[in-house]
Every structure is written in structure tokens, then in C-alpha cells.
Amino acid sequence: MTETDKKIEIMGNEKPRIGIYVCHCGVNIGGVVSVPDLVEYAKTLPDVTVGREYKFFCSDVGQKMIKEDIEAGLINRVVVAACSPRMHEPTFRIACKEAGLNQFLFEMANIREHSTWVHMKDTEGAYEVAKDHIRLAIAKARELAPLAVQKVKVEPTTLIIGAGITGMNSALNLSAAGYKVYLVERSATIGGHMAQLDKTFPTMDCSSCILTPKMSEISRDKNIELLTYSEVEEVTGYVGNFEVTIKKKPHYVDQEKCNGCGICVDSCPISVGNEFELGLATRKAIYVPFPQAVPSEYTIDMDSCVVCGICARESVCEPLAINYDDKPEYITVDIGTIIVATGYDEYDPSGLKQYGYGKYDNVITGLQMERLLSSFGPVIGKPVKPSDLKDPHSIAFLQCVGSRNFREGGNKYCSRVCCMYATKQARQYKEKHPEADIYIFYMDIRAFGKGYEEFYESAARDYGINYVRGRIAEVRENPLNHNIIIRSEDTLLQQPIEVEVELFVLSAAIEPRADSDSITTLLRIQKSADGFFLEAHPKLRPVDTLTEGIFIAGVSQGPKDIPDSVAQAKAAAASAIALMAKGEVEIEPFFAVIHADRCSGCGMCIENCAYGAIEYVDDRRFGTIASVNVALCKGCGACSGNCRSSAIDIIGFSSEQLHSMITKRQ
Amino acid sequence: MTEPIVETKQSENKEWEPKIIAFLCNWCSYAGADLAGVSRIQYPPNIRIVRVPCSGRINAYFIIKSLTDGWDGVLISGCHPGDCHYISGNLVARRRFAILKELLEFFGIEPGRVNFMWASAAEGERFAVLVRKATEIVKKLGPNTKFEKKW
Amino acid sequence: MGLETVNKDIETNLREIARGLLKDKKVDVIIGYKKGTLPLLSQPIIIDSEEEVDKLIWNNLCYVNLAKYLVPRVPRFVDSEKGNLKVGVVSKGCVGRALIHLASENKINLDEITIIGIPCNGVINRQRIEMEIGEKEILEVSVSGDNIIVKGKDFEKEFPFDEYMNDLCKGCKIRKPPLVSKAPDLCVGECEEYSNIVDDFSDIAEFEALTPEEKWNQITEELSVCTRCYACREACPMCYCNLCFVDQNKPVWFGKTTDLPDVFVYHLIRAMHMAGRCVACGACSLVCPMGIDLNKINRKLEKIVKERFDFTSGLDPDVLPPMVDFKMDDAQEFMLEED
Amino acid sequence: MVEKILKKDDIGKLYSELEKEYKFYAPTKVKGNIAFKHILNAEEIELDYLNSKVPPKDVLFPQKETIFEYRYEGKEVIIEERKDLDDKLLIFGVRPCDAYSFKLLEDFFASGDFQDDIFLKKRENATIIGIGCNSPRQSCFCTSVGGHPFQKESTDVFLSDLGDTYLVEAISEKGKELVKKLSWLADAKKADMEKSKELAKLAEDSFTTKFNFDLVTKVLDENFEHPVWQEISESCIGCSSCTFLCPTCTCFDVIDENDEYNNRGRRIRIWDTCQSCLYTLETSGHNPRPAKIQRCRNRIMHKFSYYPSNYDCLGCVGCGRCITACPVNNELRLIIDKILEIQEKSGEKVSA
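For clarity, every value in this text was computed on a predicted model and none was experimentally measured. (Residues numbered from 1 in each chain as written. Chains lettered and ligands numbered in written order. Predicted model: local features only at pLDDT ≥ 70, side-chain atom pairs only at ≥ 80, totals over all residues. Heavy atoms only, no water.)

Focus on the overall build of chain D
Okay, step 1: Looking only at helices and strands, chain D features 12 helices and 12 strands.
Okay, step 2: Scaling as 2.2 N^0.38, a compact globule of 352 residues should have a C-alpha radius of gyration of about 20 Å, and chain D matches this with 22 Å.
Okay, step 3: Over its C-alpha atoms, taken along the principal directions, chain D stretches across nearly 70 × 65 × 35 Å.
Okay, step 4: Considering chain D as a whole, with its 352 residues, one finds that 55% of them fall into the buried category.
Okay, step 5: Considering only intrachain contacts with a sequence separation of at least 6, the fraction spanning at least 24 residues in chain D is 71%.
Okay, step 6: For chain D, the accessible surface area stands at approximately 15,700 Å², while carbon and sulfur atoms represent 49% of it. (Helix = DSSP H or I, 4+ residues; strand = E, 2+ residues; numbered from the N terminus. Rg over C-alpha atoms; globule rule 2.2 N^0.38 Å. Buried < 20%, exposed > 50% of the residue type's maximum accessible area, 1.4 Å probe, protein only. Contact = heavy atoms within 4.5 Å. Areas by Shrake-Rupley, 256 points an atom, 1.4 Å probe, with all protein chains shown as cover.)

Description of unusual backbone geometry
Okay, step 1: The linkage connecting Val294 of chain A with the following residue, Pro295 of chain A, adopts the cis geometry, with an omega of -5 degrees.
Okay, step 2: With respect to the helices, strands and loops of the structure, Pro295 of chain A is situated in the loop between β15 (286–287) and β16 (299–300).
Okay, step 3: In this model, Lys250 of chain C is joined to Pro251 of chain C through a cis peptide bond whose omega is -5 degrees.
Okay, step 4: Here Pro251 of chain C shows up in the loop between α8 (231–235) and α9 (260–274).
Okay, step 5: A positive phi angle is found at Tyr252 of chain A, which is not glycine, with a value near 65 degrees.
Okay, step 6: Its relative accessible area of 14% is what places Tyr252 of chain A among the buried residues.
Okay, step 7: The phi dihedral of Lys31 of chain D is positive, around 50 degrees, even though this residue is not glycine.
Okay, step 8: With respect to the helices, strands and loops of the structure, Lys31 of chain D is situated in the loop between β2 (23–30) and β3 (33–38).
Okay, step 9: Here Lys31 of chain D falls in the partly exposed class, since its relative accessible area comes to 22%.

Description of the interface of chain A and chain D
Okay, step 1: Taken together, the contact pairs nine residues of chain A with five residues of chain D.
Okay, step 2: Taken over both partners, the interface formed by chain A and chain D buries close to 530 Å², and the fraction arising from carbon and sulfur atoms is 37%.
Okay, step 3: Taken together, the links from chain A to chain D amount to zero residue pairs in polar contact (both at pLDDT 80 or more).
Okay, step 4: Looking at side-chain class alone, the side of chain A that touches chain D contains two nonpolar, three polar and four charged residues. (Buried area = accessible area lost by both parts, 1.4 Å probe. Polar contact = N/O pair within 3.5 Å; in protein donor to acceptor, adjacent residues only side chain to side chain. Nonpolar A, V, L, I, M, F, W, Y, C, P; charged D, E, K, R; others polar.)

Description of the interface of chain B and chain A
Okay, step 1: If you look at the interface, chain B gives 63 residues, while chain A gives 70 residues.
Okay, step 2: Here chain B and chain A share an interface that buries about 5,400 Å² over both sides, 55% of which is from carbon and sulfur atoms.
Okay, step 3: On the surface where chain B and chain A come into contact, there are six salt bridges.
Okay, step 4: Among the ionic pairs, Lys19 of chain B bridges to Asp132 of chain A, the shortest N-O distance being 2.8 Å.
Okay, step 5: Counting across the chain B and chain A interface gives 31 residue pairs in polar contact (both at pLDDT 80 or more).
Okay, step 6: Looking at the side of chain B that touches chain A, the elements with two or more residues in it are β1 (20–25), α1 (29–38), β2 (47–52), α2 (60–68) and α3 (89–106) of chain B. (Salt bridge = Lys/Arg side-chain N within 4 Å of Asp/Glu carboxyl O.)

Comments concerning the sheet that holds strand β26 (residues 495–501) of chain A
What holds strands together in a sheet is hydrogen bonding between their backbones, with the strands either parallel or antiparallel.
All names here are of chain A.
Okay, step 1: Taken in spatial order, the three strands make up an open sheet running β24-β25-β26, and their pairing is antiparallel. Across the chains shown, the open sheet's two edge strands, defined by having one partner strand only, are β24 (472–477) and β26. Direction aside, neighbouring strands of the sheet carry axes that sit 20 degrees apart on average.
Okay, step 2: In this structure, β24 lies alongside strand β25 (residues 484–490), joined through five bridges in antiparallel fashion. Following the sheet pairing, Arg476 is matched in β25 by Ile485. (Pairing = 2+ DSSP bridges. Axes fitted to C-alpha atoms, helices over the stretch in contact; angles between N-to-C directions.)

Looking at the domain arrangement of chain D
Residues and elements named next belong to chain D.
Okay, step 1: Domain annotation of chain D identifies domain 1 (4–205) and domain 2 (213–351).
Okay, step 2: For domain 1 and domain 2, the distance between their C-alpha centres works out to 26 Å.
Okay, step 3: In this assembly, 42 residues from domain 1 lie in contact with 39 residues from domain 2.
Okay, step 4: Roughly 3,500 Å² of surface becomes buried between domain 1 and domain 2 when both sides are summed, with 59% attributable to carbon and sulfur atoms.
Okay, step 5: Three residues, Gln63, Tyr70 and Phe141, lead the burial of domain 1 against domain 2; their summed loss comes to 18% of the area buried on that side.
Okay, step 6: At the junction of domain 1 with domain 2, the criterion picks out three salt bridges.
Okay, step 7: The partner of Asp98 in a salt bridge is Arg321, with the nearest N and O atoms 2.8 Å apart.
Okay, step 8: At the boundary of domain 1 with domain 2, the tally comes to 21 residue pairs in polar contact (both at pLDDT 80 or more).
Okay, step 9: If one sorts the elements of the side of domain 1 that touches domain 2 by residue count, helix α3 (residues 96–110) sits on top with 10 residues. (Domains from an automatic or database assignment.)

Looking at the state of the cysteines
By definition, a disulfide links the sulfur atoms of two cysteines through a covalent bond.
Okay, step 1: Following the criterion strictly, the structure yields two disulfides over all chains and no others.
Okay, step 2: Here Cys206 of chain A connects covalently by a disulfide to Cys209 of chain A, the sulfurs 2.4 Å from one another. Across the S-S bond linking Cys206 of chain A and Cys209 of chain A, the dihedral sits near 90 degrees, which makes this disulfide right-handed.
Okay, step 3: Two residues share a disulfide in this structure: Cys28 of chain B and Cys79 of chain B, whose sulfurs sit 2.4 Å from each other. Judged by the torsion about the S-S bond (100 degrees), the Cys28 of chain B/Cys79 of chain B disulfide is right-handed. One end of the pair, Cys28 of chain B, is in the loop between β1 and α1; the other, Cys79 of chain B, is in the loop between β3 (73–78) and α3, with 51 residues separating them in the sequence. As far as the burial class goes, Cys28 of chain B and Cys79 of chain B line up, both buried.
Okay, step 4: Unpaired in terms of disulfides, Cys418 of chain A finds its nearest cysteine sulfur in Cys414 of chain A, a separation of 6.6 Å.
Okay, step 5: We classify Cys418 of chain A as buried; its relative accessible area is 6%.
Okay, step 6: No disulfide involves Cys226 of chain C; its sulfur sits 6.4 Å from the nearest other cysteine sulfur, which is in Cys232 of chain C. (Disulfide = S-S within 2.5 Å.)

A look at helix α2 (residues 35–43) of chain A
All names here are of chain A.
Okay, step 1: Val35, Leu38, Val39, Tyr41 and Ala42 are the residues of α2 that are buried. Along the axis of α2, the buried positions cluster into a sector of 160 degrees, meaning they face one direction only.
Okay, step 2: If you follow the buried residues of α2, they end up packed against β1 (18–23), β2 (48–54) and α6 (123–142).
Okay, step 3: Of the residues flanking the start of α2, the one acting as N-cap is Ser34, its side-chain oxygen 3.2 Å from the backbone nitrogen of Asp37. (Arc of directions from axis to C-beta.)

Structure, rendered in C-alpha cells:
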């Protein structure tokens, strides 16, 4: 039993005695408004018995001040005027609890994010806002009631959406800790973008060599239920108790019967662009994404298949594994925590007409170059010009294509990997073709990772790669040989430069998945302005979302390289484990409650509730009325917002509390 | 450095400033307002923020009570349609707000007194822009005196 | 419009049907109207025997919405042993709509009632006539031809029915109870086909075009005489709350006085609560002891839900009313947007 | 000396003379209905009326009335009593039934342990000028409750409408003094007095509604649980129009209005009604009058049984407002008939 548990809890049933603690937050608040004046003001308000100021109330010393007042019996309600409750509400609640005060007898006035930071230049205005926010918070505090935290069990199972290097690492960590994992991947294989890469910077180790063992590890792992070619259809429930429906898309090939002979592929008459090869090669309508795919399962791409029936013939498929009538299968699983690792899309540069992508044959993207360099790629690691399939004697790379673009609709962020992958690709080519001329056109080289700067230095010094600082205004094609003629300015030498290269590689940006909205809608998580998923706090909770029990990792949260993605993967796994290891989680007891005597049973709340948490019951005294199932209620208040009789209220945001705030205009 | 930069003082003959009560949903708009703060985006000091779990929580009573209690304006902000943390709270609310907005106008309350908006957790800038806009609208209307009681 | 003769036919048919229903035990009781003791009134009546059938009447003064008596059921509609009795309800269009809407709010089980449909050509706006007559006592009112004839001790005055009809009845397209599969459809006689009426809400267009200040002045002027007796609420079939918002405490949202802001808010919020629920029966205005005209507000509600949500209340108990439903693409033109 | 003649054209003169001394209340048209209002212009006075919609009770016991005000000074609360109670009031043109209602109100507000200072002070400072009813309505029944269309009780001065003139009679001392002030009034002739009496007789004869209330009271006392109450309350929708327009209803609710914005507040009273379900709802949730049957019965019992036993008179002045106001036509005459039917039926049984 801890020290805290032994204390008698102050429930605040007596007349409110409010302690108000106004934080300077260094100079963040105190530098804009007069904190002593705010304290003096707050002390004039009803039921306020203690008022104090301090530099940082969130610090140990600050918390101690509050605790001492509680322990001395001076106060039975705490109001802290400081930063956003989204920042430190939990901190102060714990402090209250530790001092023996029911943690829900605490309220926060946000005078930093909502006052001093947004009215920095209007100190008078900021002071007024701070004053009012304090008054409103005190008004609410007077109406607070002690509440008991609700504890719910946490299902020791994690759902991971996306099985790239990030999702895979999370899965393996979770499995190692003994938790069940459902790893859902929408394509037919795991591995993600990393499987497309040839070598990885700055160590130049082979991507496949480090990835494929992990992939087979996943497929062998007993704790990991691998669901490829599957998508999450529906997520209901809440932290610890999600109910997830997963759709397993039809392969049209019975995997039990299929012996993987591959004759069907050879006999299939339909050829389409190969996604894995980024259109640099073709595949058949029946296919395995790439040779090392895990699982190695054949799939018919029904969008391309013409159902000619050839593959279904016994002469082709001896075990008769083809089933054109295959139907999607839905499974529903109980999940405790969710990790989102859905990765990214490569920016499509065809919108940037000046670079000729999609118009000139010899203009390709960085990821396409990766496939050309890959030893199991379409040209077995010997890059060629698409125009004549010959080795290029000169290559130019252009950086920041689709990144760091401050024009309307552009991606403002840095994609963080392009400088290094262009350097890596240049070096790789140079290793085999020392005679080739390589140019990298850049704005500035960002080589911030471990060993990156050294890697870049060596590329310029030891490999003779030409780094040219300058943006390329426009390129054109030499009609005779399909070479690309580049005009630019070398801003270091301050002179114009014109080069003709045989291959032009655009280091295209990393972008959020085009359909990432479906994930935000599904999981009720948010996106930041750049379109990547939003973390709960940029510094302190980088893999948490605002929805408890859901974590984000890898590039879906923002551009990052492989080591960073793996680090986040492990962080997200650790966060999920932290939640599940306790076996139960405390949730805020902010639910809807019915005042039976007021309810007239119109049923509007039942229809309004998105969670089906309200149902009719027959009350002995009041007839057919609504009743809330607390296990399902999320406390959103959609029910209460429409109730004509105020018969349904939300604990924590009760009518009385909100009323008390509204009436404190002054 | 702990000294306030400028002493706050009550200055007379300053132009009238409206006080607007802003009900913000916890998951999108309150976070958006926080982001505006973190990003130090400046907007006029006219709103007073009340946090609610969801725009669906906002009963018409809150809005009308705010008007009768003399707030010069009411601002309500929730998650964009489809982004509601509670699936559909904002959609339920949107119908309620549409009806209320029309009724208020029909009853002779200036249309700009009560304003509704969406702002996500990532839209600190949008939040500030719309607060600025709402403030201007209310300012133009002048003080809310219709509900003052004779004493 | 030949009201009197039409009404006579309706009355005869009504009694016939009522007698049959009682005789065949298809209903246990019938609620309808009987002649009033004052010239401009009728009286709700509950009958349970064939002998009483002839008390039933139908005329243009039958304005009480009888659905009110079913939520909650008056004692006569519940038997201590049998439970809920089968009730026949003499229903003009708006009574039928009220019953159907109440069914959608689970307040009425349509299987337990029989709607006896009446084709209604509108009820008389009694307050308006009273006010025009002024400080003289009305002793007799009849409808003849297109006119309402009002007689007193030393005066006789005619009012054109079309004009002195209750405002809500003027644009009413649903004269008979909507016939829904769930409600046994019995209808007394036919009435003109009104579906060709194009209701473009032009009657409130003029008011809507006023400035907020003008609207405020007109509305507050109208409401200034309100005594807050809540007759409007009590007569409304949709006002069945156990505890009306004006009577609530903890917290007391709105003042209970007759001060203008309090009166205004009461009517504003009551209107809010009627959105998508008002069945345009006009009972609220017709029962007001002070003669306050709430029709304009009711028309506005009708307009809002029709234009925004394409909804008309009381047509189908299985269609979700607008306030309990929503669509992803509901109009949101009123939302603040960046310029 | 006491009977005078007031020309109808001289109402304005009377007004401008008395308005200086009194807060002058008189019937006037408000949104198409007659109401007693503070008159600011003699032309607003409307004496040719049947009766006001809301009774003049409203002047002495308004729908909403401040009991006291309070304000916060720092953390202290300062109470301010009302200062306007000493104003002299003149209520002009009150019908005899309504004038009589002031007596009933006085009985109520002055009886028992609690004296309602606010009402009594106002009553004391009020001078009532009554006016006879030349043509009572069909719904009127003042003669059945001991009243008369020309009854002068509770008035200080009484007017009879003689056509172009009013006969002015000073009734009380207060009235005599008031008439004395109007020195310009001509003396009444004998013919005027006789005409007045004639009118009174005519009016009395025109009544169509007559009750034997002694019997009613007796039947009520004996039939509290009679099934007839079910029948009586059946069509009532509980709208409380009857009680809100009743000149003798006195129930009120006390509430505090907090004006936090201005650091002040006031305790007010507003009319309440026994027809509301909440009227008798107790904090425990128990409601002694939960259904319409008990509430309808209470109104009738109160007027015709409890009042007689508490104040020795009926609690009704026969103005007929509840009859005309009832939107479902569940009117008093029918109710009384039904009550008396009980007696008749039991009488039949006895005789049979």
C-alpha cells in the first residue's frame, strides 16, 4: 500500500474552500501579465480561501505548495491557473490525490495558451482574459463534485495497422513481451517501402538483407497473427476494450490448396504495371508482389483480371486452387491497444511540369531509381536509361521536389531522407561507373543523422559527386538522344550552369497516405497541418494520440528515416505494453447520467448516441425512460445537448458547472 | 525577467471591446486554440474559453443563457464533420445549431451574435483567423443589450 | 366553401362510423368534440356507448388537438384490468399528424388507437374575431356560405372564412390524417385535394425580410402581454415533458418572470423544442388567454425543417425526425469560414 | 352633497386633476384586450368595456413583484426594502365584482400569522373607483355569489353609466374626500339617481346564470371522493388560464433573481397556480396532488368550500373569467351543474 492510499480522501462535501494557484510559467505568463495582481483578484472571489503564485507550479516545489495547503485543511478545491489542462491536468490531479483530495476537485484555468501566448502584444487584454478565465474556473470549481475513477480491464492484445519496417518492429517487440498482436497489412505482403530499397544509408547495408529476416521472423511468430491483404473496417469501444472488425480481401486463390508452383503466372495473358516496381516492370493479373514476399501467396488482381479461366484449368493449376467467386471474410477481434504505422506515399512530381516527369522518358523519381539500383529489381541492379535501356553516362539529381515548398498547396516540411538517399544512390552508381558524371542540385544539404555528414563528405570528396547549390528552373529534352538539358545557376559560384545528362532523378518528397483520412475517421485521431497524424505532444508524447490507447509510429506521424521509424516503433510498442502490463486502466468517470424524474422517454438521446449506450428501461416510478450503459458511454454529451428536459447530464461537464461559468460574465 | 513587461492598467476612453464566450470541443477546437497559443499566433483578447467534451454537448440553453447573461457574442467550435472524436456528435450538433441560428435570427437577434465554426487540433491558424473574424462581427453589432432586465 | 352543409355530412358520417366502431367493439372509447357552451368554443368529449354518439359534432371550432389526451392517457383510456383501452380519435389532419409523430417518439402505440379521419377545411381564429368585435358580447356564431356570421345583442357581423381561418390552416396541405400503414385508415368523407397547394412560405416572407431590429420589436410587442400561464404548452400535444425547461432548477436556466427577456426566451426555446415536431395544429395560439399569435413562429419552424431537412412532421412514424437524425452533407452555410 | 354628475367629456379633466396626486390606473386597450394599466394620457382610458382580461388584482398583486432587492458590497450582502409602497394609487373604473375581489384578497393577505405588508400597504394606499355593469355577460354570475352588478362594497367612489354622464357616488370616507376635491362636478339630480337604480334593476334581471352556492358548498364538503371529479377533470388540459385570470387567486412562488453581472439580485414573487403539477411537488419527490383530478378538485373546493370555512364567504366574485377563458370549454357552470347533480341523484334515491 502506498503512502497515498492510506490517507483519508477529502471529498469536498463541505462548503467549498478554494485554493487558487497562479503560475508564472517562467516568463511565459509572468512576463506578460502581473501574476500577483491575478492572485489578489482571485482572492476576492467567493469561496476562495487561499491564493498563491509560483514560478512553476508543475515542479515538485510548486506541487508541494498545493499539497501542503490541502494537508493543512485550508482548502478542499484546487484551481491552477497556468497552461492548458491538456498539458498538466494529469500532473495536478495526481498531486491532489497524493495530498488526499479527490482528484476531480481540481480545475484548471488556461491562461498561457489561451491568454499570454496569444495576446503577447496586448498585455492589458491578456490580463483581462486571464482574469476571466480564472473567474470561470473558480465558478466551475465551486460546482465540482468528487468522483471515483473508473477502472477498466485492458485486453492484452494489440492491433497494428501497417506492416512496414515500423509495424513489424512494434509487432516483434510486443510479441517478445508476451502480447498477442494482430498485424494488418492491406497489400499482399509485409515489408512496406523498405522492401523496395536496395541499400540503406549511411552504412550501405543491403536493405533486403536486414529486412527479410525480420519478415520471416514475423511469419514464424506464434504471438503475431499476420493478416495481409486485409483492411480494418470498423473500430468501436475505447482504450483497453476496442472491438475491431477486419476485412480479409479475397485472394481468389485458395491458399490451402495452392502449392506455389507459379505456372498460373506464366500462363496468365494479362500484363499490367507492377506497383512494387513503380511501373518500371510489369506483372500478371495473378501474381506474387515480389519474390521475397511474406507471405508468399498468389493473388488475382480482379481489377485487371478478365476471368479468361486459363489459370483455373487443371492443366495449369493442378490442385485447382483458383476460385473466382472468393468472397471477403470479416473477423472481429477484441483489442486493448492500437498502433498506427501506415507509412507514406511518394510524392508524384508530374504536377511540376517544369521537371518533365511523365513527359520525358529519362526523368524518374528517387524511389524508381532505387528499384533500378536493386539487385532484384527490373534491371538487376544495373540502372539504365528508360529511353534506350543503356547505361547512363551522366546523372543529375534534383532535391526538394515536393518538399520545402511554401507556395500554395505545397508541402512546407522537409522530407528528411532525400538528401541522404540521393547521395547514397549517386555513390552506388559511382561505385560501378566511376567515369559517370553525377550532379546533385540542392538548396542545402541536410545531413543530421549519425554518420550522415561523414557520408556526405565522403561522397563529395572520395567519389567526386558534384554538388551544385541551385534550384533548377526548367529542363528540356534533347530530341536527338532523349538526354535532359538542365539550366540552373550555381549560387555558390554565382554563375549560370548548363549540363546535359542522360538520366534525371527527382528526389521526390514523402507525403501522407492519400487515403489517410479513412484512418482518422476510423480511429478518431487527428492530423496535423502537414497531413501526417498528430501526436498528443510534440516533445513528451510523440507516439501517443489524443485518443487513449491509440499510438502512432513511423512515417505516418511525419517524415523520418529507418532508424527513427524503428525507434518510434519500439516506443509505441513500449507505450502499448505500459498500458497493457497493468491489466487495467483508469478512465475519467465522465459519463452521462439520467435524472429519472425528469425523463419523459422521448428517445431522442437513444437515437443521438453514437455508441448505443442508451436504452429504454421500465422504471417502477417513472415508466419507460432512458438509461445509460456506463460501459459504453464516452461522455460526449450528444444526448444531453438535445435533451429538452435536461434529464440527461454529463458528469464533469454538468449543466450546473457550465451554467455557473456562463453566468460569470462580468 | 519575472517583472511584467508592461504594467496592466485600466485605461479609460478606449473603444468598446466585446466579450465573447467560446465553447470549444475538447478534442479539436480546444486543442486548436492551444496550438494557436503554442505557435504564438496573435488574436484579439475578446474570447473567453469554456471547454466542453464535444460540440454535441452544447445545448441550446448554453447559447441562449449566454446571451441573456449579457455576453456580447457566443462562439461555438467543434471538429470538422467526419472528424468528431465521438463519431457524430458534431453532426447531431450541426442540425441543432442550424435550427437555433435560424430561429434566433427570426426572433430578431442579430445573426452575428452567435457564430459557429469548425477547427481541428491542427488548425491553430484557422482558429485565430476565425476568432478574429467573429470578434469583428460582434464588435460591429455593438453591446448585447436586448436581454437587459429593467431593474 | 359551403361549410355548414359539408360539416353536416361529416357529422352524420362521423356518428355513423363511431357507432359502428363502438358496436363492433373495435374501439372501447372514442374521443371527439361536442358542442360548446360558448359561441366560439367546442368541447372535447369522451364517449363509450352508442347512445352518446349523437353528441359528437364536427365544425370549424374544433381546434383542440385531441392527441393531447393520449400523452399521457387520461384515466378513462386506461382500464384497471385490461390496461390501455383501444381509443378512437376523431382526427383532423393535424391531430392525425400529432398521433403519428408521437408514435415516432414512442409516446403512442398506433396499434392501440383508431384514427377516425376528418377532412378539415380549417378552424376559425377565434381570438381574432373576439378582438375585432371588441367590447361587445358575442352570443351566436355560425358559418354560412363563405362567411362566419357573428351575432350579439345589437349587432351582426360577417367575416370571410378564408381570411378569418386560423393562419396555420391557410397553407395546410394535410387536411386529413396522413394514412400510414400502421394506422387503420378510416376517413369520414372526402375533402378537396389540397396537395396542389404550393406552400412557398410566402406568408412569413415579409416578416423574414425585416431587419433584426424590426423583427425584435414585432416579436417582443406580440409577446409583451404573455402572463406565462403556459396554456400554449399545456395545449400542445408535443409538450409532454415531465419537467419543462422553464420549471427546472439546478440550474435555473431562465427566469420565470414576465419580464420581457424571460418571456422571450421561454417562447424562443419552446420554438426550438418544436422544430421538426410541430404539427401545425395552432392549438397554442388558439388557447392563449391573451390571444398571442404564435403561428408565425410555427410557420418558420415548418419552413426550416422543410427546407433544410426536407421533413414534414407527422407523416410517417418510421422516419426519424430531423433532431434525432443527421446527414454527413447537411447544409452548413451558416458556419463561419475563412474569407 | 355626495352624489355628483360627471360628464363623459370631463374624464380628461378628472384624470389630469387626480393624476398629480395618485398613480392613476384605469382600463385601457393593450393589444386588443382591456387591461388595467398605469395611465399616462387620459385618452387611453376605456370605460366602455365588458370587463378586463386580466383582473385589476394585477395592480395590487402583480404577476411579478419584487419583495426586496440586495446587492453585494465586497463579500457583504446589503438588503434594500421597497420604497414605492407609500405611493397613492387610484384604480379607476373597476367593475363591482373585481372591486369585491379586493376584499377577498385582503381577507387572505391579512389573515393568519403572516401579514403581507406589501399587499396591505398598497391596498391601504389605493382608492377604488367602481363602475356599475349595465349589461352583464351571459357568463357573469355575481348575483349568485352575493354580489350585484351595481354592488358598491369595497369601492370608495362608484360610477353609474347614465349614457352621456356618470352618476358619481362617494361611498367611503376616502371616496368622499376625493369627490370633495373635484369641486367642479355638478350635483346629481333625483332623476339621475332613479335612472341609476333602474339600470341596476335591469342589469340584475338580465342574469341567466344563477347558482345556489349554499347547496354547492354542502355537496362539495360531502363528496370529496366522488367519481364525478373524474368526469369534471377529464377534458381539462391543465392550462391554468382559469387561475391566472381569476381575481381572487392569490398563490405565488418566491424566487431569487441573481444579477451576478452587476453584483446584485432581488427576491421576487410571481403568480403560481394550483393547476400546475409542480405546485404541490415536494422535494422528496412526493406529490400530494399528482393528477389533474386532484388539481381540478382543489380549485373548486378552494373557492366554494375552503374559503367559506376559512373566511366565511365564497372565494369567488362571479366575474365569469374562468368560464370564457377555458380553452376546452370545461367551464364552471358545467362543473357546478355536475356537482349539484350528485345531490339530485342522491335525493332521488332517498325519495325512491
